[in-house]
Amino acid sequence: MSLGHHHDGPAAVPADAHRPDGTRRALRIGLGGPVGSGKTATVAALCRALREELSLAVVTNDIYTREDAAFLLREAVLPPERITAVETGACPHTAIRDDISANLEAVEDLEDEVGPLDLILVESGGDNLTATFSKGLVDAQIFVIDVAGGDDIPRKGGPGVTTADLLVVNKTDLAPHVGSDLARMEADAKANRGELPVVLQSLRGERGVRDVADWVRERLAAWTA
Amino acid sequence: MSRAALLVLADGRFPAGGHAHSGGAEAAVKAGRITDAVSLEQFCRGRLHTSGAVAASLAAAAALGVDPRELDRAADARTPSPALRLVARRLGRQLVRAARATWPHPELDELAHQFPKGAHQPVALGTAARAAGLGPQDAAYCSLYEGVSGPATAVVRLLGLDPFDATAVLARLAPALDRAAQDAVEAGQRALSDGPEALPARSAPLLEIGAEAHAKWPVRLFAS
């Protein structure tokens, strides 16, 4: 076999900020959090908010179905070729943290196949409070919890709540119905997170996903600066 | 050869995508062919002597330096199911990615360049073994062990099988695995001297059929 060394193959270093042709790759933002906290709904809302100004794509990590990808396709938030589903073998946290190879393949294929992208959202399968993304896969991560999952979650902390670049407390409209104390959730989250930001969000409210979309724009501005 | 390097490559936690695959076990569980430790062992023995022997021979041949393009064609010819070919290429691509970061080597770069969407996994495995300073026997062992440990781990998740029982199955398979590794090395050496047509071409029709059906399920835990 030839022993020639080529530099135009796929990147050997996954976290490299450049594609094999030397251009800057897309910013990758991960969204993680427990089952049912509103990750897919947040991804859908972000796509609607950003798709006119940015070239973006989504990778979903479904646990045992293609429901999340199917939901995004059905809602037509992006053209189908911009949405890819990764299968995780019953272990969603493994696919985003311990063995990121399938997800890296998905983000690289999206960039190769749908042209230059500004942003790729990588949505984790619903998991537990310890599930965080590898820095080899994403540049920044959002952890999504909701008020109905228990208002003690911000106090309990854990890697997602404590270290994610943005914590979203979702479904604030449900707080009065489930007896959750929003002010306490926000104070606990801030106490656990130091300078890291927290957004309280209701996708049904007037502001919708605006605060999270603004945070994404800031990250993108820093990425391309 | 470095025994420690072999452990790194053979480790089930080596980040090359294998965790998302059951090696056909999910389809066999659904079809009622794997229900307990005894039937898991039978399934693994079947794999070991059919697709396992073919994969290990390919891996040994690649580790001996047989042209990966010829081996990849030989692997295609021995994999009738399009779903399994796709899986083998996907896993090969993921393995090359992990191996390039772990043991940088021009032959791995060349393989990534020649097969941007992936060479068959055993071909990638044999090349990775070369890059790690390992030999054909090491590549054959890695291939065979992963061919049975993948289904065993998957069945623990799928059936709630006692993990001690699943591990005992793997231990009982060890003598058969030793013999299969020796056969695979000899097949690899024949491929080096006589060409890839000397490689074994045993098949397991139920694995092929099961993989085709599984790829069409709307709800499944594993990618294959």
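To start, this report covers the structure provided alongside it. Remember, it's a predicted structure, so these values are computed and weren't measured experimentally.

The rules behind the values
Within every chain, residues take consecutive numbers counted from 1 along the sequence as written. For this description, chains carry letters from A and ligands carry numbers from 1, given in the order in which they are written. Confidence filtering applies because this is a predicted model: local features only for residues at pLDDT of at least 70, side-chain atom pairs given and counted only at 80 or more, and all residues used for totals across whole chains, interfaces and linings. Water and hydrogen atoms were dropped before computing side-chain values, which therefore reflect all heavy atoms in the structure. Residue contacts are counted whenever heavy atoms from the two residues lie within 4.5 Å of one another. A simple way to read buried area is as the amount of 1.4 Å-probe accessible surface that goes missing from two parts once joined, with both sides added. Definition used for salt bridges: Asp or Glu carboxyl oxygen within 4 Å of a side-chain nitrogen of Lys or Arg. Pairs of N or O atoms within 3.5 Å make up the polar contacts considered here, provided that, within protein, one atom can donate a hydrogen while the other can accept it, and that residues adjacent in sequence are counted only when both atoms are side-chain atoms. Each helix corresponds to a stretch of at least 4 residues labelled H or I by DSSP, and each strand to a stretch of at least 2 residues labelled E; elements are numbered beginning at the N terminus. For this classification, the nonpolar set comprises Ala, Val, Leu, Ile, Met, Phe, Trp, Tyr, Cys and Pro, the charged set comprises Asp, Glu, Lys and Arg, and every other residue, Gly included, is treated as polar. Any residue under 20% of the maximum accessible area for its type is buried, any over 50% is exposed, and the rest in between are partly exposed; the area is computed with a 1.4 Å probe on protein chains only. For Phe, Tyr and Trp, rings pair up if their centres lie within 6.5 Å, where Trp contributes its six-membered ring, and each pair is then called stacked (planes under 30 degrees apart), edge-to-face (over 60) or tilted (otherwise). Counted as over-ring charges are cases with an Arg CZ or a Lys NZ within 6 Å of the ring centre that also lie within 35 degrees of the ring normal. One requirement defines pairing of two strands: DSSP has to find at least two bridges between them. Axes here mean lines fitted to C-alpha atoms, for a helix over just the part in contact, with angles spanning 0 to 180 degrees between N-to-C directions. For classification, angles of less than 35 degrees are called roughly parallel, those exceeding 145 degrees roughly antiparallel, those between 65 and 115 degrees roughly perpendicular, and all remaining angles oblique. Assignment of crossover handedness uses the view with strands pointing away from the viewer, where a clockwise path from the first strand over the helix to the second indicates a right-handed crossover.

Describing the interface of chain A and chain B
Interface size is commonly expressed as the accessible surface area that is lost when the partners come together.
Okay, so step 1: With 30 residues of chain A in contact, the opposing surface of chain B contributes 30 residues.
Okay, so step 2: For the pairing of chain A and chain B, the buried interface totals around 2800 Å² over both sides, and the portion due to carbon and sulfur atoms is 49%.
Okay, so step 3: Across the contact surface, chain A and chain B share seven salt bridges.
Okay, so step 4: Between A:Glu113 and B:Lys117 there is a salt bridge, with its nearest N and O atoms 3.2 Å apart.
Okay, so step 5: Along the contact surface separating chain A from chain B lie eleven residue pairs in polar contact (both at pLDDT 80 or more).
Okay, so step 6: By residue number, the principal contributor to the side of chain A that touches chain B is helix H4 (residues 101-113) of chain A, which donates seven residues.
Okay, so step 7: Residue classes in the side of chain A that touches chain B are distributed as twelve nonpolar, nine polar and nine charged.

Focus on the environment of A:Val161
All names here are of chain A.
Okay, so step 1: Position of valine 161 relative to the elements: it lies in helix H6 (residues 159-163).
Okay, so step 2: Using a relative accessible area of 0% as the deciding quantity, one classes valine 161 as buried.
Okay, so step 3: Every residue in contact with valine 161, bar those within four places of it in the chain, is listed here: Phe143, Ile145, Ile153, Pro154, Leu167 and Arg193.

Examining the packing of aromatic side chains
All names here are of chain B.
Okay, so step 1: Under the definition given, this model contains one aromatic pair over all chains.
Okay, so step 2: Between phenylalanine 14 and tryptophan 103, the ring centres sit 5.8 Å apart and the planes meet at 15°, which makes this aromatic pair stacked. Placement of phenylalanine 14 in the loop between helix H1 (3-10) and helix H2 (25-30) and of tryptophan 103 in the loop between helix H6 (82-102) and helix H7 (106-114) is noted, with a sequence separation of 89 residues between them. Like tryptophan 103, phenylalanine 14 is buried.
Okay, so step 3: Of note, lysine 30 hangs over the ring of tryptophan 217, and the distance from its end group to the ring centre comes to 4.1 Å.

Observations regarding the sheet that holds strand E3 (residues 83-87) of chain A
Residues and elements named next belong to chain A.
Okay, so step 1: Read across the sheet, seven strands follow the order E3-E2-E4-E1-E5-E6-E7 without closing on themselves; strand pairing throughout is parallel. Looking at which strands have only one partner, the edges of the open sheet turn out to be E3 and strand E7 (198-200). Direction aside, neighbouring strands of the sheet carry axes that sit 20° apart on average.
Okay, so step 2: Here strand E1 (residues 27-32) pairs with strand E5 (residues 140-146) via four bridges, running parallel. Note on E5: the bridge partner recorded for leucine 31 is isoleucine 142.

Some details on the packing of helix H4 (residues 51-63) of chain B against helix H5 (residues 68-77) of chain B
All names here are of chain B.
Okay, so step 1: Relative orientation of the contacting elements H4 and H5 amounts to 175°, with a least axis distance of 10 Å. In terms of orientation, H4 lies roughly antiparallel with respect to H5. Here Leu58, Ala61 and Ala62 of H4 lie close against H5, whose contacting residues are Leu71, Ala74 and Ala75.

What about the side chain of B:Thr79?
Okay, so step 1: Topologically, B:Thr79 is positioned in the loop between H5 and H6.
Okay, so step 2: Apart from the residues within four sequence positions on either side, B:Thr79 is in contact with B:Leu84, B:Arg85, B:His120 and B:Glu208.

Quick look at the pairing of E3(A)
All names here are of chain A.
Okay, so step 1: Pairing of strand E2 (residues 56-62) with E3, which is carried by five bridges, proceeds in the parallel orientation. Directly across from asparagine 61, in E3, lies its bridge partner valine 86.
Okay, so step 2: Remark: the E2/helix H2 (residues 67-74)/E3 crossover connection has right-handed handedness.

Remarks on the pattern of salt bridges
Okay, so step 1: Considering all chains together, one arrives at 30 salt bridges over all chains under this definition.
Okay, so step 2: B:Arg90 is paired through a salt bridge with A:Glu105; the nearest N and O atoms lie 3.9 Å apart. Residue B:Arg90 is found in helix H6, and its partner A:Glu105 is found in helix H4; the two belong to separate chains.
Okay, so step 3: Taking the relative accessible area as the measure of exposure, B:Arg90 reaches 36% and is therefore partly exposed.
Okay, so step 4: Among the residues examined, A:Glu105 registers a relative accessible area of 8% and is labelled buried.
Okay, so step 5: The salt bridge involving B:Lys216 is made with B:Glu212; its shortest N-O contact spans 3.6 Å.
Okay, so step 6: Several salt bridges converge on common partners, so that one network encompasses A:Glu105, A:Asp109, A:Glu113, B:Arg90, B:Arg93 and B:Lys117.

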